[in-house]
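In case you want the letters, here they are:
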Amino acid sequence: MDASKQRSRPERLGLILLLMLAAGLRLAVILMHPDELTQDRDAYLGIATGVAQGRGFSSPGSTQPTAYRPPLYPLMLAAGLMAFPAPIVVAGINLVAGVLGVWLTERLGNLLKLGRSRFLAAGLVAIDPMLLRYVSQPMTESVCTLLAVLWMWSASLALTSPKDRACCRWLFSGLSFGLLVLCRPTFWPIVLFWYGGSYLVHRRQRSDNPGSPWTSLASQWICCATGTALVVGPWLVRNWWVLGVPILTTTHGGYTLFLSNNPVFYHEVVQQPWGTVWQNQSLTEWQADIESQIQQQLGAEASEVVRDKWYSQQGRKTIAAEPQLFAKATLHRVRSLWNTVPQGEAAEQVSGNLVLAIGWYYGAILILGFCGAILIGARRGSTAWLPLYAMIVTVQLAHLVYWTNARMRAPLTPAISLFVAGAVSRSVRPREVSPPDHGTE
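This is a predicted model, so every value here is computed, not measured.

Cut-offs and rules
Residues numbered from 1 in each chain as written. Predicted model: local features only at pLDDT ≥ 70, side-chain atom pairs only at ≥ 80, totals over all residues. Heavy atoms only, no water. Salt bridge = Lys/Arg side-chain N within 4 Å of Asp/Glu carboxyl O. Helix = DSSP H or I, 4+ residues; strand = E, 2+ residues; numbered from the N terminus. Buried < 20%, exposed > 50% of the residue type's maximum accessible area, 1.4 Å probe, protein only. Axes fitted to C-alpha atoms, helices over the stretch in contact; angles between N-to-C directions. Left-handed = near helix turned anticlockwise from the far one by under 90°. Contact = heavy atoms within 4.5 Å. Nonpolar A, V, L, I, M, F, W, Y, C, P; charged D, E, K, R; others polar. pLDDT = per-residue confidence, 0-100.

A look at the pattern of salt bridges
Now for step 1: For the structure shown, the criterion picks out 9 salt bridges.
Now for step 2: Here Glu11 ties to Arg116 by a salt bridge, and the two come within 3.5 Å at their closest N and O atoms. With Glu11 in helix α1 (residues 3-32) and Arg116 in the loop between α4 (86-111) and α5 (117-127), this residue pair connects regions lying 105 residues apart in the sequence.
Now for step 3: We classify Glu11 as partly exposed; its relative accessible area is 21%.
Now for step 4: Classification of Arg116 as exposed rests on a relative accessible area of 54%.
Now for step 5: Each of Glu11, Glu106, Arg107, Arg116 and Arg118 takes part in salt bridges that share partners, so that together they form one network.

This is the structure we're talking about:
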């Protein structure tokens, strides 16, 4: 038997066991929290129900068109709701997405030449506490994580592809990016880093090969943009048609900006000791007061587009009026994104020992991931890793100003896990050059 086949058999078995572990853990969490499958905190199920019932993409319980939430996850739920009950649909989509995310992490690790360390990365995604916790809820963490690693894999493949396959792979990269931003618009700024990074890569290639034309880079960009437009274009046209505005993202951004930049949040959270959370009663009172202001200033019939602009204006006013508190709030959001332990209600649902264990786990993972990112970034020939850096930097920049908690970090889990694998993998370290053999044959 060929040696490569002998090596691949245990690797295939290892991957199968990892996927079984991922599925088993997620199924266990779902069975432990079956009531959460229909707790619709973000209205995804409500919107999906309207689509399934023929009322269109509308506010829950109405026929009023909405763009308050990104469309991909509700449409996935709606497709399932046409044949199955809501708990089965939520559990099925989240479980399958979680397992596929583990598999794609292993595939991306293989593309990045991590050797067997890629199984470490896939294993970390399989057991990640945050991804496990939200698998039983109708929220986007599982699907978004899958789409994030799908885009990173397709983008890395495009960057390292031969010329005869480049256009198709860049097109696929654009398609996968379109799906990602239809799940979470937070990732739109990746475009800047992606095009900028590919420009630098092409410039380096031209220094090594002066005959490499700039037109090849332009064609790659066009293919990528075409793929994204094919996916996102219908959403933009739909919003233009039914809401009168060509909305590319959602009408939720203004609210999240104001939610994270208002005097009450600054006073009750930012200016308090670390670990203080916004209490539900205070948050509810703030929301009621804001709703009263909107009705007084805009009228009870104000559209969600107008409300979104109002929210955004109020958030910018707060930032301009309190620049020092905004700076402090920005640091608070950075800490919140990379927080290692549950806080608030999440911490109350688990034992103190488990909170401590989660904290140590995430602390070790983030430190190793940071070391891996530094080690890989210092090595020449790390082009394929560029999408992972772009992913992490984009999420951090977006959450310097918008509402932030550790849950927003969930889609970064594959990238962080791959950097952890890079930190321990011998394949990413500079190889020593063997001295020439002067012996005789």
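Observations regarding the packing of α5 against helix α19 (residues 413-424)
Now for step 1: Remark: α5 packs on α19, axes separated minimally by 8 Å, with the N-to-C direction vectors making an angle of 145°. In this structure, α5 crosses over α19, and the sense of that crossing is right-handed. Facing α5, whose interface residues are Ser117, Leu120, Ala121, Leu124 and Val125, α19 presents Thr413, Pro414, Ser417, Leu418, Val420, Ala421 and Val424.
Now for step 2: Class assignment of the residues belonging to the contact of α5 with α19 gives a composition of 9 nonpolar, 3 polar and no charged.

A short note on the confidence of the model for the protein chain
Now for step 1: Mean pLDDT for the protein chain: 89, with 89% of residues reaching 70 or above.
Now for step 2: By mean pLDDT, the top-scoring element of the protein chain is helix α3 (residues 72-81) (98), and the lowest-scoring one is helix α16 (residues 345-348) (66).
Now for step 3: Across residues 430-441 the pLDDT falls below 50, and counting only partners more than four positions away or on other chains, this stretch makes 0 contacts in the model.

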